Amino acid sequence: MPSWQGKSKGNKLGYRIFIALLRYGGVRPAYLLLRFVAGYYFLFSYSSSRPIFHYFHTKIGYNRRRSLLGVYRNYYLFGQTLIDKIVVMAGIPNKFTFQFEGEHYLRELVAAGKGGIMLSAHLGNWEVAGHLFKRLQTRINIVMFDGEHQRIKSYLEGITGERNVNVIVIKDDLSHIYAINDALSNNELVCMHADRFMEGNKTVKMRFMGGEALFPAGPFLLAATFRVPVSLVFAFKETGTHYHLYATPPREYHGRRQQGVEEAVAEFVSALEEKVRKYPEQWFNYYDFWEITETAQL
């Protein structure tokens, strides 16, 4: 059973130390300290290292030695994405450059005036891409689990300032569905991850990276129900200071709702697998992603 509970690791002191380094020394000293933090998780966080090792060894096809190196590299890159997100959101001076492949597709989506959905995954650094979406000159709504500890989130918001996007928090009372509907009715964009789910959510079983995996049905059900254009977006760190962003042509999923869901999830999984194979070290799901569960099927 996937062990992800919708929460992020970390503590307030850790964020405070890294932010101080960023403000007074830039990313270089923060990256240096990160090497030791990544080493700590590599040595002592078995619960997250085990599934990532399994991913490298059985899905990517690395031998045992390369898989172990991949685990450390994965932690290091994950830490870099967190640091880079803070740098970009807080407006800290930096030398980051960005290549946005497919930005015109998102501009077409906005120009259509029908609202739209952008789907991504816990792969690469989507938060950096989300921050750059302000160039689209439309309201952006990000749907997320409110799993971070409130004190950490409040501290980060105090550092990074006012968000340029609206956050829609997923709640048990399904009020987020009405918020999403309102956003789409106002011709706004709604962004969400489509690779993780909480226990009890409806899922779709798909063949992914040589094994069976479960994907949340919710994002694809929304796309098929509202019949608004859908684009898949990803962002990957290619060098220490350069990111490559991708967006696919907008696509609408018509027909009966069940058929639309199946078509949407199939295209998402196909695009996700392509990107995973191209950027294998930037897969950031630290649980048994391919373990089949008793979760209700769509």
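Per chain, the residues get numbers from 1 upward, laid out in the order the sequence is written. Under the rules for a predicted model, residues below a pLDDT of 70 receive no local features and side-chain atom pairs below 80 are neither given nor counted, while totals for whole chains, interfaces and linings still include all residues. For the side-chain quantities, the full set of heavy atoms in the structure was used; hydrogens and water were omitted.

**Student:** Looking at this structure, I do not really get the overall build of the protein chain. What am I missing?
**Tutor:** Broken down by element type, the protein chain carries 10 helices and 9 strands. For each residue, the accessible area found with a 1.4 Å probe, counting protein chains only, is set against the maximum for its type, and the residue is called buried under 20%, exposed over 50%, and partly exposed in between. Looking at the protein chain residue by residue over its 298 residues, the buried ones come to 49%. Note on areas: these come from Shrake-Rupley sampling with a 1.4 Å probe, and a residue is covered only by the protein chains present in the view. Split by element, the accessible area of the protein chain, about 14700 Å² in all, is 53% carbon and sulfur. Secondary structure elements are defined from DSSP: runs of H or I of at least 4 residues count as helices, runs of E of at least 2 residues count as strands, and each element is numbered from the N terminus.

**Student:** Before we go on, may I ask you to explain the nonpolar core in this structure?
**Tutor:** Nonpolar side chains in soluble globular proteins generally cluster together in the buried interior. Within the largest apolar cluster, 68 residues are counted, with the highest numbers of intra-cluster contacts made by Phe208, Phe215, Phe268, Leu272 and Trp283. Should any heavy atoms of two residues lie within 4.5 Å, those residues are considered in contact. If we skip the residues at most four places from it in the chain, Phe208 touches Ala213, Phe215, Val269, Leu272, Glu273, Val276, Trp283, Phe289 and Trp290. Within the second largest apolar cluster, 19 residues are counted, among which are Val128, Ile140, Ile142 and Tyr243. Take the buried Ala, Val, Leu, Ile, Met, Phe, Trp, Tyr and Cys residues and link them wherever side-chain atoms come within 4.5 Å; each set so joined is a nonpolar core.

**Student:** Before we go on, may I ask you to explain the confidence of the model for the protein chain in this structure?
**Tutor:** Detailed reading of the predicted coordinates is not advisable wherever pLDDT is low. Considering every residue of the protein chain, the mean pLDDT works out to 84; 84% of them sit at 70 or more. Under a pLDDT of 50 for its full length, residues 148-152 has, in the predicted model, 8 contacts with residues more than four places off or in other chains. A score from 0 to 100, pLDDT tells how confident the predictor is in each residue. In the model, residues 292-298 has pLDDT below 50 throughout and makes 23 contacts with residues more than four positions away in sequence or in other chains.

**Student:** Looking at this structure, I do not really get the layout of surface pockets. What am I missing?
**Tutor:** Unfilled space is identified by rolling a water-sized probe across the atoms. Put simply, the second largest pocket is a space of about 240 Å³. Forming the walls of the second largest pocket are Gly25, Gly26, Val27, Arg28, Tyr31, Gln80, Pro93, Asn94, Lys95, Phe96, Gly240 and Thr241. The element best represented in the lining of the second largest pocket is helix α2 (residues 27-44), accounting for 3 residues. When residues are grouped by polarity, Ala, Val, Leu, Ile, Met, Phe, Trp, Tyr, Cys and Pro land in nonpolar, Asp, Glu, Lys and Arg in charged, and all others, Gly among them, in polar. Residue composition of the lining of the second largest pocket, by class: 4 nonpolar, 6 polar and 2 charged. Throughout, the protein atoms alone are placed on a 1 Å grid, and a set of points is a cavity if a 1.4 Å probe fits but cannot get out or a pocket if it is open with protein on both sides within 12 Å along at least five of seven lines; lining residues have an atom within 4 Å of a point. Grid points are joined across faces, edges and corners, and a volume is the space filled by probe spheres set on the points.

**Student:** Looking at this structure, I do not really get unusual backbone geometry. What am I missing?
**Tutor:** The phi torsion of most residues other than glycine is negative, and most of the peptide bonds are trans. In the Ramachandran plot, Asn187 falls in the positive-phi region, its phi being about 65° despite a non-glycine side chain. Topologically, Asn187 is positioned in the loop between α8 (175-185) and β5 (189-193). Take Asn187: its relative accessible area is 38%, and that puts it in the partly exposed class. In this structure, Met209 takes a positive phi of about 55° despite not being glycine. Inspection of the secondary structure puts Met209 in the loop between β6 (203-208) and β7 (211-216). The buried category is assigned to Met209, whose relative accessible area is 3%.

**Student:** When you look at a nonpolar patch on the surface in this model, what are you seeing that I'm missing?
**Tutor:** Like charges are joined within 9 Å and nonpolar side chains (Val, Leu, Ile, Met, Phe, Trp, Tyr) within 5 Å, but only among residues with over 30% relative accessible area and no salt bridge; these make up the patches. In what follows, salt bridge is the name for a side-chain nitrogen of Lys or Arg lying within 4 Å of a carboxyl oxygen of Asp or Glu. On the surface, Tyr40, Leu43 and Phe44 cluster together into a nonpolar patch covering about 390 Å² of accessible area. Looking at where Phe44 falls in the secondary structure, it is placed in helix α2. Given a relative accessible area of 60%, Phe44 falls into the exposed group.

**Student:** I tried to follow the sheet that holds strand β3 (residues 140-144) on my own but got confused; where do I start?
**Tutor:** In sheet architecture, strand pairing relies on hydrogen bonds along the backbone and comes in two forms, parallel and antiparallel. Judged by pairing direction, the sheet is mixed, and its 7 strands sit side by side in the order β1-β9-β8-β2-β5-β3-β4 without closing on themselves. Every other strand in the sheet has two partners, leaving β1 (97-101) and β4 (166-169) as the edge strands with one partner each. Neighbouring strand axes in the sheet, compared pairwise and without regard to direction, differ in orientation by 25° on average. Strands are labelled as partners when DSSP assigns at least two bridges between them. As paired elements, β3 and β4 share 4 bridges and run parallel to each other. Bridge pairing in β4 links Val143 to Ile168. Of the strands in this sheet, β2 (116-120), β5 and β8 (230-237) are in contact with helix α9 (residues 218-226), which crosses β2 at around 155°. Fitting a line to C-alpha atoms yields each axis, with helices limited to the stretch in contact; the angle taken between N-to-C directions then spans 0 to 180 degrees.

**Student:** Honestly, the pattern of salt bridges in this entry has me stumped. Any pointers?
**Tutor:** It is possible for side chains bearing opposite charge to pair when their charged atoms get close. One pass over the full model with this rule turns up 11 salt bridges. Taking the shortest distance from any N to any O, the salt bridge between Arg107 and Glu103 comes out at 3.0 Å. Of this pair, Arg107 and Glu103 are both found in helix α5 (residues 103-111), 4 residues apart, which corresponds to roughly one turn of the helix. Linked through salt bridges whose partners overlap, the residues forming this network are Arg251, Glu263 and Glu267.

**Student:** Where do I start with the packing of aromatic side chains in this structure?
**Tutor:** Working definition: an aromatic ring pair is given by the centre-to-centre distance plus the angle between the planes. Side-chain rings of Phe, Tyr and Trp, where Trp is taken by its six-membered ring, are said to pair if the distance between their centres is within 6.5 Å; with planes under 30 degrees apart they count as stacked, over 60 as edge-to-face, and otherwise as tilted. As enumerated under the stated definition, the model contains 28 aromatic pairs in all. Comment: the charge-over-ring label is applied if NZ (Lys) or CZ (Arg) is within 6 Å of the ring centre and within 35 degrees of the ring normal. Here Arg66 stacks its cationic end above the ring of Tyr62, 3.9 Å away from the centre of that ring. The ring of Tyr246 is capped by Lys275, whose NZ or CZ atom sits 4.5 Å from the centre of that ring.

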